[in-house]
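Here's the letter readout for the chains.
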Amino acid sequence: MALEKEFHGPNLAYILELHQRYLNDPNSVDEATRKLFREWSPDGRESTFPASTISTSNLLSLTGAVNLAWAIRSYGYLSAKLDPLNNTPAPMSDPLLTLEFHKLQEEDLLNLPAAILNLPDRQVVDENAYDAIESLRGIYCGTIGYDYGHIRIPEERNWLYQAAETGRYRPSQQPVDEKQLLERLTQIEAFELFLHRIYPGKTRFSIEGLDMLIPMLDEIIASASDEKIHAVLMGMAHRGRLNVLAHILKKPYSQILAEFSDPKGRATTWDELGWTGDVKYHMGAYKSVGQDKDVEMLVHMPPNPSHLEQVDPVVVGMARAANTKTDSPGAPRYFENESLPLVIHGDASFVGQGIVAETLNFSHMAGYATSGCLHIIANNQLGFTATESESRSSLHASDLAKGFEIPVIHANADDPYACMEAVRTAFAYRQKFRKDFVINLIGYRRYGHNEGDEPRFTQPVMYKKIDAHPPIRQLWAEKLEKDGLISQGEADDLLQSHLKELQEANDQLDAEKALVEPVPQPPPRGAAQKVKTAITLKRLKELNRFLMEFPKDFHLNPKLVRAVERRRTLFDKSDDGKIDWATAEELAFASILEDGTPIRLTGQDSARGTFSQRHAVFYDVENNKPHIPLQTIPQSTAAFEVLNSPLSEAGAIGFEVGFNIMAPERLVIWEAQYGDFINNAQGVLDEFLLSSRAKWGLTPSLVLLLPHGNEGQGPDHSSARIERFLGLAAEINVRIAYPSTAAQYFHLLRRQALLLKTDPLPLVVFTPKGLLRHPLTASSANEFTTGNWQRVIDDANLPGKKTAVKNLILCSGRIYVDLVTSPLRKEHSDSAIARVEQLYPLPKQELEELLADYPTLERLIWVQEEPLNMGAWNYLRPRLRQLMDDRLPLHYVGRPESSSPAEGSSTLYRINQQSLIEHAFKLESQARTSSVVKERG
Ligand SMILES: Cc1ncc(C[n+]2csc(CCOP(=O)(O)OP(=O)(O)O)c2C)c(N)n1
């Protein structure tokens, strides 16, 4: 039989190499292996291997053994005993892990040396391959599963397998304090038992069944402190959160108990501040640890909405911000050991929520990577009432991570040793390779989805098992008792003493006093109006000059030469060359950097700009080398970064929100490719950007740049959903602007930067697309060197006199250009056009003053290009009526009600647009395709 046909498998190369080594120097292999090769080639001559004189059966058993070892290493986790309830497939269910599959008998293995299986440090201990295989089974098929086969980088893969096989992170080599662990497990269980007793059925999302999560977090935090990491940033699901708050973040029992009792005097400052607070299992916390060491470390758990996994990108963004320093010009400097992001996931949500994949995708990306995030899936094998097969297509909940080449360890939550090894390996890998790691902690859920929920309606068999399954504290106590480490009854006494501590805390509770809520402070009144945003002409010119200075050997794209030249000479012209939108933006950024405020701008294709308008990065046409002017201008005193983000909205905005929360002193801007795609991130906007002040006292100041405007590009390239932002605006939680000129945009950006410390608020800016280069959008230099952000802009070029105006047309943003350039404008000298540049907070005073300036007014007309049920109309209608005190009729001119934001046909678009312009000037027009609504009169 031809040997090559029989001699197959992934380890052929290894055997040949071993044999070659033996031939070169028999002493380079161990004695057992020498013996094996001697038998195959008694005279030691190379020609005898592989040759027909060698026993085929020897070779078959050898390759079989090597392949079996490889199978155990790669797939042993499939047979590991990972489920405390023993629901998952029985061990050895995969044929690849059996002797039969590899055509082996036990005897074959007994006759082979252990060394051929390449176990570290095992040659002496395991004399034969049978022992070695058994050792491998012990390692790979026990209560821990090493899922590393998908790692392509050999150095990392070898490190991971070595870590598993040397057992260097196993408690047998790095002991755990077993009695201390019992103490901890008792504390964890007592907390849940006590709450269950005094607040039966009240939702707390008990940790029971995954209790080991807390000692695992202890281990990670202690290791982080040893490594002098400054901050551990924790994203935490609802499950077990109260236990984590109590025992990891040291939130006093009295405070938690006070929240349970929910006293009447709970802060309800709704009227004044819009404070709603949140339920107890959403609240965040932070704690300083390690003061006794030379480095202080902060453990920070941001608040979390019900929306599962939304906190993931937020935490990773926080970590990125913590790892970057921006107090000097150029690019931000990265420090890899500043923070450790740590995210605890649910098993159903890890797979089901797309934002998890979006977050994992950041893990190796420039500008987003964090030196490795540790992920623990708190896997209770259920998602509310859904079983695993109803929740995912993959075998393990963690399988998603494999696509991102993230190593995975599965650990049985009932085995503290497995859990400890898992976190130690994860942390060590993260520190060495600065990459993510996933632990799939498999346990169960003691109660229903919440404590008032009956799980036996849907999982009767599983819950029979759970009802009979002892808690881990008890299992561990029994082990310690058996090992003689504690005496009989000691564990029970410990439990009683912890329950007593809780009882005492409850007996002494003054719920109203104990309750501490982070009621947010209102910003100082009028701060936004007081900032001065104009800059001198000299400064403007200097900034522009340096922005257009390229390195001497830089080869600019020929298509950009003219534009750059125009920019370079912008201020030289006697006729006051107009400054367009993108230039205004760059000058604003440059001046903000000069003022010392760092900037981070991200978004899909934001470096160039979707509309080829920005060119924040120029690429040398000869060598692709980037040149980023805002990183090189000598005036700058702070860092600038601009990044093309991955193609994500929810994850990308979540990341920037986290970044902004962690670094509120920096101007953080996210730009949509088109504003329409913002609705992919609606959950993140609702939860983190717009309501986080009212719920949690956070004060984000993220800027969103959302290209908006109906230009006939169809339903999905026309609207950034003004109506949604306005619908969520309340109690001064955001600023919403639709600037119509470059200078206005300049002042708006500068104002935001100047307010970061005194009056931080998110800023939503609807930005132009087709009008980016329009002459009416461009501004003259004096608009930058004088004035401020104007919340309302009056009609400066009326065809007639103000006193002759009967119709005041109010509008916002893009439609202004169509109105003011319409031939009807000249024909209607009794119509004036004013712009509402800031939609929220609504500039009431300016609007009142505006109306007062038109004494002969007969009607107010709101004109928008969005459909009636969209845009600003529904928000403005009651407010405008109130403003006018119902003195004048209020008219709406715009597209009729529609479920879709815009027409698919560009011809229809033109007809409709024309028709609404006509209506704006002639309400009585017979044009059919726009809506005119008369409110009163
Ligand atoms: C985005 C989102 N969808 C639905 C829910 C409702 N919900 C709350 S918990 C839960 C099950 C989550 O299962 P899993 O992720 O496994 O975590 P577990 O509750 O089992 O710890 C569901 C569906 C939610 N909170 N968030």
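Student: Break down the site of the ligand for me, with residues and values.
Tutor: Near the ligand there are 15 residues, and of these Arg 239, Ser 306, Asp 347, Ala 348 and Ser 349 occur at the shortest range. Arg 239 has a polar side-chain atom sitting 2.8 Å from an oxygen atom of the ligand. For the ligand, a nitrogen atom lies 2.8 Å from a polar atom in the backbone of Ser 306. For the ligand, whose free accessible area comes to 570 Å², the fraction covered by protein is 75%. Here the shell around the ligand takes 3 residues from helix H14 (residues 347-352), the largest share from any one element. Among the residues making up the shell around the ligand, the classes are represented as 4 nonpolar, 9 polar and 2 charged.

Student: An account of the pairing of strand E3 (residues 285-289) is needed here, citing residue identities and associated values.
Tutor: Judged by which residues are buried, E3 turns out to be one-sided: Ala 285, Lys 287 and Val 289 face inward and are buried, whereas Tyr 286 and Ser 288, on the alternate face, are not. Of the pairings in the sheet, the one linking E3 to strand E4 (residues 297-301) comprises 5 bridges and is antiparallel in character. Residue Tyr 286 lies in a different strand from E4, and its bridge partner there is His 300.

Student: An account of unusual backbone geometry is requested, with residue identities and associated values reported.
Tutor: A negative phi angle characterises most non-glycine residues, just as the trans form characterises most peptide bonds. Cis geometry is found at the peptide bond from Tyr 840 to Pro 841, where omega equals -15°. With respect to the helices, strands and loops of the structure, Pro 841 is situated in the loop between strand E22 (838-840) and helix H35 (844-852). Unusually for a residue other than glycine, Ser 371 sits at a positive phi of about 70°. Mapped onto the secondary structure, Ser 371 falls in the loop between helix H15 (354-360) and strand E8 (374-379). For Gln 381, which is not glycine, the phi dihedral falls at a positive 70°. One can find Gln 381 in the loop between E8 and helix H16 (388-391).

Student: So what's going on with the packing of helix H13 (residues 311-323) against helix H27 (residues 650-662)? Residues and values would help.
Tutor: In a packed pair of helices, the relevant descriptors are the angle between the two axes and the axis-to-axis distance. In the contact formed by H13 and H27, the axes pass within 6 Å of each other and the chain directions differ by 45°. Viewed along their axes, H13 and H27 adopt a mutual orientation that is oblique. Two packed elements cross with a definite hand, and for H13 against H27 that hand is right-handed. Of the residues in H27, those touching H13 at Pro 313, Val 314, Val 316, Gly 317, Met 318, Arg 320, Ala 321 and Ala 322 are Gly 651, Gly 654, Phe 655, Gly 658, Phe 659, Ile 661 and Met 662. Looking at the contact of H13 with H27, its residues break down into 10 nonpolar, 4 polar and 1 charged.

Student: Help me get a handle on the pattern of salt bridges, residues and values and all.
Tutor: Evaluated as defined, the whole model comprises 45 salt bridges. In this structure, Arg 539 engages Glu 594 in a salt bridge whose closest nitrogen and oxygen atoms are separated by 2.8 Å. Here Arg 539, found in helix H23 (residues 537-547), pairs with Glu 594, found in helix H25 (residues 581-594); they are 55 residues apart in sequence, far enough to count as distant. Relative accessible area serves as the criterion here: at 24%, Glu 594 is assigned to the partly exposed category. Salt bridges linked by common partners bring Arg 539, Glu 594, Asp 595 and Arg 750 together as one network.

Student: Mind laying out helix H24 (residues 558-568), listing which residues take part and the relevant values?
Tutor: Taken together, the buried positions of H24 are occupied by Leu 560, Val 564 and Arg 567. Along the axis of H24, the buried residues cluster in a sector spanning 55°; they form a single face. Exposed side chains of H24 directed beyond 90 degrees from the buried face belong to Pro 558 and Arg 562. Of the residues flanking the start of H24, the one acting as N-cap is Asn 557, its side-chain oxygen 2.8 Å from the backbone nitrogen of Lys 559.

Student: A description of the pairing of strand E16 (residues 703-707) should follow, citing residues and the corresponding values.
Tutor: Extensive coverage of E16 is indicated by the burial of 5 of its 5 residues. Here E16 shows a buried face lined by Val 703, Leu 705 and Pro 707 and a second buried face lined by Leu 704 and Leu 706. Taken together, the 3 bridges between strand E15 (residues 667-671) and E16 define a ladder with parallel strand orientation. Residue pairing in the sheet places Trp 670 in a bridge with Leu 704 of E16. Pairing of E16 with strand E18 (residues 763-767), which is carried by 5 bridges, proceeds in the parallel orientation. Bridge pairing in E18 links Leu 706 to Phe 766.

Student: Lay out the packing of aromatic side chains in plain terms, naming residues and giving numbers.
Tutor: As enumerated under the stated definition, the model contains 29 aromatic pairs in all. Pairing Phe 191 with Tyr 253 gives two aromatic rings, centres 5.7 Å apart and planes at 25°, and the pair type is stacked. In this pair, Phe 191 sits in helix H8 (residues 178-198) while Tyr 253 sits in helix H11 (residues 253-261), placing the two residues 62 residues apart along the sequence. With respect to class, Phe 191 is no different from Tyr 253; both count as buried. Pairing Phe 725 with Phe 766 gives two aromatic rings, centres 6.1 Å apart and planes at 70°, and the pair type is edge-to-face. With Phe 725 in helix H30 (residues 722-727) and Phe 766 in strand E18, this residue pair connects regions lying 41 residues apart in the sequence. The two residues Phe 725 and Phe 766 agree in class, both being buried. Sitting over the face of the ring of Phe 335, Lys 325 holds its NZ or CZ atom 5.4 Å from the ring centroid.

Student: Describe in detail the sheet that holds strand E7 (residues 339-346), supporting the description with residues and values.
Tutor: Taken in spatial order, the 8 strands make up an open sheet running E1-E9-E10-E8-E7-E2-E4-E3, and their pairing is mixed. Edge positions in the sheet fall to strand E1 (144-147) and E3, since each has one partner strand and no second. Along the sheet, successive strands turn relative to each other by an average axial angle of 15°, direction set aside.

Student: How would you summarise the nonpolar core if you had to cite specific residues and measurements?
Tutor: Grouped together as the largest cluster of nonpolar side chains are 114 residues, with contacts concentrated most on Leu 117 and Met 234. At 10 residues, helix H17 (residues 416-433) tops the list of elements feeding residues into this core. Within the second largest apolar cluster, 77 residues are counted, among which are Phe 655, Trp 670, Ala 672 and Val 792.

Student: Could you give an account of helix H31 (residues 742-755), naming the residues involved and the relevant values?
Tutor: An α-helical turn contains 3.6 residues, so any two residues separated by three or four positions project in the same direction. Helix length check: H31 (14 residues) gives 20 Å between terminal C-alpha atoms against 20 Å at 1.5 Å per residue, within 8%. Taking burial as the measure, the 14 residues of H31 include 13 buried ones, the bulk of the element.

Student: Residue-level account of the confidence of the model for the chain, with values.
Tutor: Parts of the model with low pLDDT should not have their predicted coordinates read in detail. On average, residues of the chain score 91 in pLDDT, and 91% of them are at 70 or above. In this model, residues 1-10 is a region of pLDDT below 50 whose contacts with residues beyond four sequence positions or in other chains number 19 contacts. Contacts from residues 44-54, a stretch scored under 50 in pLDDT, to residues over four places away or in other chains number 18 contacts.

Student: Tell me about the packing of H23 against H25, and name the residues and values.
Tutor: Where H23 meets H25, the axes come as close as 10 Å, and the angle between the chain directions of the two elements is 105°. In terms of their interaxial angle, H23 and H25 are classed as roughly perpendicular. Where H23 approaches H25, its residues Arg 539, Leu 540, Leu 543, Asn 544 and Leu 547 are matched on the opposing element by Thr 583, Glu 586, Leu 587, Ala 590, Ser 591 and Glu 594. Residues of the contact of H23 with H25, tallied by class, amount to 5 nonpolar, 3 polar and 3 charged.

Student: Give me the sheet that holds strand E21 (residues 831-836): which residues, what numbers.
Tutor: Reading across the sheet, the 6 strands line up as E19-E21-E20-E23-E24-E25 and stay open at both edges, with mixed pairing between neighbours. Each of the sheet's edge strands pairs with one partner strand only, and the pair in question is strand E19 (792-793) and strand E25 (931-934).

About the criteria used
- Residues numbered from 1 in each chain as written.
- Predicted model: local features only at pLDDT ≥ 70, side-chain atom pairs only at ≥ 80, totals over all residues.
- Heavy atoms only, no water.
- Near = heavy atom within 4 Å.
- Polar contact = N/O pair within 3.5 Å; in protein donor to acceptor, adjacent residues only side chain to side chain.
- Areas by Shrake-Rupley, 256 points an atom, 1.4 Å probe, with all protein chains shown as cover.
- Helix = DSSP H or I, 4+ residues; strand = E, 2+ residues; numbered from the N terminus.
- Nonpolar A, V, L, I, M, F, W, Y, C, P; charged D, E, K, R; others polar.
- Buried < 20%, exposed > 50% of the residue type's maximum accessible area, 1.4 Å probe, protein only.
- Pairing = 2+ DSSP bridges.
- Axes fitted to C-alpha atoms, helices over the stretch in contact; angles between N-to-C directions.
- Parallel < 35°, antiparallel > 145°, perpendicular 65-115°, else oblique.
- Left-handed = near helix turned anticlockwise from the far one by under 90°.
- Contact = heavy atoms within 4.5 Å.
- Salt bridge = Lys/Arg side-chain N within 4 Å of Asp/Glu carboxyl O.
- Arc of directions from axis to C-beta.
- Phe/Tyr/Trp six-rings, centres within 6.5 Å; stacked < 30°, edge-to-face > 60°.
- Lys NZ or Arg CZ within 6 Å of the ring centre and 35° of its normal.
- Core = buried A, V, L, I, M, F, W, Y, C linked by side-chain atoms within 4.5 Å.
- Expected span 1.5 Å × (residues − 1).
- pLDDT = per-residue confidence, 0-100.

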